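Fold and contact review
Letter by letter, the chains look like this.
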2 protein chains.
Amino acid sequence: MTAQHPPAPTAFGVAEAMSKLAEILPPTPLLPVEIMGQTVWCKAECLQPIGAFKIRGAWHRLTALKRAEREAGVVGVSSGNHAQGVAWAAKRLGIRATIVMPVDAPAIKLDATRALGAEVVLYDRPGGEDRDAVAARLCAASGATLVHAFADPWVIEGQGTIGLELAAQMAGRCDGPPTRIVAPCGGGGLTAGLSLACPDAEIVPVEPEGWDDVRRSLAAGEIVAVASDAPATACDALQTPSTRPINFAVLKGRVRFGLVVTPAEVRAAQRFAFERLHLVVEPGGAAALAAALAGKVALDGRTAIVLSGGNTDAQAFAKAILGP
Amino acid sequence: MTAQHPPAPTAFGVAEAMSKLAEILPPTPLLPVEIMGQTVWCKAECLQPIGAFKIRGAWHRLTALKRAEREAGVVGVSSGNHAQGVAWAAKRLGIRATIVMPVDAPAIKLDATRALGAEVVLYDRPGGEDRDAVAARLCAASGATLVHAFADPWVIEGQGTIGLELAAQMAGRCDGPPTRIVAPCGGGGLTAGLSLACPDAEIVPVEPEGWDDVRRSLAAGEIVAVASDAPATACDALQTPSTRPINFAVLKGRVRFGLVVTPAEVRAAQRFAFERLHLVVEPGGAAALAAALAGKVALDGRTAIVLSGGNTDAQAFAKAILGP
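Note that this is a predicted model, so its numbers are computed, not measured.

1. Regarding the packing of aromatic side chains
Scanning the entire structure with this criterion turns up seven aromatic pairs over all chains. Ring geometry for F274(A) against F317(B): centres 5.3 Å apart, planes inclined by 45°, an arrangement best described as tilted. Note that F274(A) is positioned in helix α11 (residues 263-277) and F317(B) in helix α13 (residues 314-322), a pairing that runs across two chains. Here F317(B) falls in the buried class, since its relative accessible area comes to 0%. Ring centres of F317(A) and F317(B) lie 6.4 Å apart, and the angle between their planes is 80°; on these two criteria the pair is classed as edge-to-face.

2. A few points about the relation of the copies chain B and chain A
Between the two chain copies there is a screw-like relation: a rotation about an axis and a shift along it. Mapping chain B onto chain A leaves a residual RMSD of 0.0 Å; the transformation is a rotation of 180° accompanied by 0.0 Å of translation along its axis. In short, the pair behaves as if placed about a two-fold rotation axis. Here 100% of the contact residues of chain B are again contact residues in chain A; the copies associate through an equivalent surface.

3. Some remarks on the interface of chain B and chain A
Contact residues are listed per partner, giving 25 residues for chain B and 25 residues for chain A. Both sides together, the interface formed by chain B and chain A hides about 1,900 Å², and carbon and sulfur atoms give 74% of it. Per-residue buried area on chain B facing chain A is highest for L47(B), F274(B) and H278(B); these three make up 33% of the total on that side. Counting across the chain B and chain A interface gives zero salt bridges. Where chain B meets chain A, there are eight residue pairs in polar contact (both at pLDDT 80 or more). Elements that contribute at least two residues to the side of chain B that touches chain A include exactly α11 (263-277) and α13 of chain B. In terms of residue class, the side of chain B that touches chain A is made up of 16 nonpolar, six polar and three charged.

4. A word on the sheet that holds strand β8 (residues 202-208) of chain A
All names here are of chain A. The mixed open sheet is built from six strands, whose spatial order is β1-β2-β10-β7-β8-β9. Edge positions in the sheet fall to β1 (30-35) and β9 (259-261), since each of these pairs with one other strand and no more. The mean angle between the axes of side-by-side strands here comes to 30°, regardless of whether they run parallel or antiparallel. Bridge analysis of strand β7 (residues 180-184) against strand β10 (residues 303-307) gives three bridges, and the strand direction is parallel. Residue pairing across strands places V182 opposite I305, the latter belonging to β10. With respect to the sheet, α11 is in contact with β1, β2 (38-44), β9 and β10, its orientation differing from that of β1 by roughly 115°.

5. Focus on the side chain of H82(B)
Residues and elements named next belong to chain B. As for its placement among the helices and strands, H82 is situated in helix α4 (residues 81-93). Classification of H82 by relative accessible area gives buried; the value is 2%. In contact with H82, not counting residues within four places along its chain, are K54, V77, V147, H148 and A149.

What counts as what
- Residues numbered from 1 in each chain as written.
- Chains lettered and ligands numbered in written order.
- Predicted model: local features only at pLDDT ≥ 70, side-chain atom pairs only at ≥ 80, totals over all residues.
- Heavy atoms only, no water.
- Phe/Tyr/Trp six-rings, centres within 6.5 Å; stacked < 30°, edge-to-face > 60°.
- Helix = DSSP H or I, 4+ residues; strand = E, 2+ residues; numbered from the N terminus.
- Buried < 20%, exposed > 50% of the residue type's maximum accessible area, 1.4 Å probe, protein only.
- Least-squares fit on C-alpha atoms with pLDDT ≥ 70 in both.
- Contact = heavy atoms within 4.5 Å.
- Buried area = accessible area lost by both parts, 1.4 Å probe.
- Salt bridge = Lys/Arg side-chain N within 4 Å of Asp/Glu carboxyl O.
- Polar contact = N/O pair within 3.5 Å; in protein donor to acceptor, adjacent residues only side chain to side chain.
- Nonpolar A, V, L, I, M, F, W, Y, C, P; charged D, E, K, R; others polar.
- Pairing = 2+ DSSP bridges.
- Axes fitted to C-alpha atoms, helices over the stretch in contact; angles between N-to-C directions.

Following this line, the structure appears as structure tokens:
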């Protein structure tokens, strides 16, 4: 975080991010779908130009850079969606971008990040290499600004614009604003942003089995990291070892509990989105829908579900939709 | 056609349909995508509640029925998307719907039509049974109104609303209205509607190999049916033996030529939509995109491509995206 921003993200910052985003990106559709006899509202962030909501935070962050900072470039750290968000914003603003990505990231995400003109530096996630250390070295060497995937006030505010956008979309179609927003959760950038954007809605973070650090942190009242032997997960976008103080500070006073979904529940949600919504949703992007379909969260006619991304390889997607 | 409507569809009728549709359905997104270095605009009709644009014509037609006609019910004839459009509109309006569908229609379309509360009557398409004769018998027996899938002035006008909607969406994002609209073509309902809606745009119908009756009719200056031994096609939505006078009357003075795409080109388009747009597009729905990707049609920054539907079985879709 730099001195240019207050230490914490704010609701005002979310509104500011919304006005910047509205100039360049139309709202993603809010699609009604029936689950157990109840109409709920799916926010199709997989239809963003980069196939994920991360474009929001990246745009808000990069447009806030001063001229000298722009000239020194940016460094992002990401399994793929934040990578593409930073690369997309950097390309549009003429900023040099370097992205630190795990060597086992989906090929589709590596290729797409490079296609947007970013330089990709790989790190050994399976071998336990510390990606933040790699990024810090790059920033120290070049003077570039680190754009963290979730522990950044601008990024949190940018992701929160989903809440403002869906509330406006529901206004014309429901009898009131969202009562509940169910969202996939990795490090807690999106759910912290939603908490600020929609103060009257219940925010429900959903994490994949074994990677439920936010759920456990909320239960413990302090930040708890995932176990060092956490199982592999298809939800690469949600595979973060722990949330950070800037996120947890927002979440702990605001979010009552988190939910966990199994690999089978995630695949069922991908199949449902394929059949009923005609959308390609990646495993991590389907986590919130998975919780809804599994009956793990209460649903009413003003429940919104974020489908956060759609960047998945054909092989993996085919396997998911052919299930069970 | 009944006496309530002028004998031919009109641009005024398209505008009237648009005002009725805008009350119940938000615009489908218009998604930019780069093809051969050129940004073009994809109209994602696969995101309609029934997964296809046919909801437009069906709504315009059924809302025009008089009370006595509503009470006698409607009969539709369709391989699946028009079926769901009629069933959806009928359910919402409290009208009894019977749909004549081919016994070899995709299971996903048969199931979805029944789930919307319509009665499905199967006919033997592979065996050459005349679906129109089946529908006529049903109408004669019950007094129901036939809602033809494309040879109906209201249906043509309703489908044309896609043109008005995408022109409005492009207004804010391009330097002018569409120069060209490339659209999948079965019987010519959509392309006739687009011709009326966007009089300044070139309309390019795209048909699957062997089912290019509209292309050949345009070339001959008169209606020509497909060969009786036309090959099987995965594009079930475009599998119509011939266009009709009401459609051809609009098309012949307005559309210069039609295009044909191969099965491999259609699958490549489905893969492209999966990877780059995160959309599930059925074979027939991908025909226009297939022509663009194959370099068969000129593209500029004001070219729109209609992705007309997304109702496809998981098995078939998995095969298409795993191709080649």
